[in-house]
Amino acid sequence: GGKAAVVSPPKEAERKAVGFAGGGQKGGGGGDRMVRLARELWEFDAVHARLAKDLERYLKGVEVEDPVSLAAYLESKMGAMDADEARKRWRAEAKGKAEAARRVGARERREAQAEKQEERIKGATARSAAERRALEERREAQLKREEELCE
């Protein structure tokens, strides 16, 4: 495989010729930053364009220009994919544990509520029995008084 021509960013003189130098701002200070950002973006894009070309060649079974960079890029992507898978597994496990804990908590709350309800019913039953006894005792006393009055 022959070496492909590497495209490089425009040189200082070319930028000045097309009016890039100051970036249109007063003082020209912001222009340097814009030029630096543009150069970084250009280099970033150029690297990814080369990687994309090499990846395409690799998939076709043709010799690649920069096997070292391609291998490093693929390994980093695989590492990121593995980490993503691990994160997904961990999230699923954590979700399952939280759901199980929530179910246990809900069951415990239901049991506690049922117990409270039972206590309330027992209390109400005991009160109503005591009230009934008191009412019967009052009735008997009333009957006794009426019988004594009739005698």
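Quick look at the structure, then. (Residues numbered from 1 in each chain as written. Predicted model: local features only at pLDDT ≥ 70, side-chain atom pairs only at ≥ 80, totals over all residues. Heavy atoms only, no water.)

1. Some thoughts on the pattern of salt bridges
Our working rule: Note on definitions: salt bridges are taken to be side-chain nitrogens of Lys or Arg within 4 Å of carboxyl oxygens of Asp or Glu. A helix here means a DSSP run of H or I that spans at least four residues, while a strand means a run of E at least two residues long, and both kinds are numbered starting from the N terminus. Each residue's exposure class comes from its accessible area (1.4 Å probe, protein chains only) as a fraction of the maximum for that residue type: buried when under 20%, exposed when over 50%, partly exposed otherwise.
The final tally for this structure, using the stated rule, is five salt bridges. Residues Glu-99 and Arg-102 are paired through a salt bridge, measuring 2.5 Å at the closest nitrogen-oxygen approach. Residue Glu-99 and its partner Arg-102 are located together in helix 3 (residues 67-150), separated by three residues, close to a single helical turn. Accessibility expressed as a relative area gives 31% for Glu-99, which makes it partly exposed. The partner of Arg-103 in a salt bridge is Glu-99, and the shortest N-O contact between them spans 3.6 Å. Separated by four residues within a single helix, Arg-103 and Glu-99 lie in helix 3, roughly one turn from each other. Among the residues examined, Arg-103 registers a relative accessible area of 48% and is labelled partly exposed. Among the ionic contacts, a cluster of salt bridges with common partners joins Asp-84, Arg-87 and Lys-88.

2. Quick look at a negative patch on the surface
Stated precisely, the cut-off is as follows: Patch membership needs two things, relative accessible area over 30% and no salt bridge, and members are linked within 9 Å if like-charged or within 5 Å if nonpolar (Val, Leu, Ile, Met, Phe, Trp, Tyr). Methods summary: accessible areas were calculated by the Shrake-Rupley approach with a probe of 1.4 Å, and residue burial reflects only the protein chains presented. Only four residue types enter the charge count: Lys and Arg as positive, Asp and Glu as negative, with His and the chain ends excluded. Where a charge sits is defined by one atom per residue type, namely NZ (Lys), CZ (Arg), CG (Asp) or CD (Glu).
A cluster of acidic residues, Glu-108, Glu-111, Glu-115, Glu-118 and Glu-119, forms a negative patch on the protein surface. Position of Glu-108 relative to the elements: it lies in helix 3. Look at Glu-108 and you get partly exposed, because its relative accessible area is 47%.

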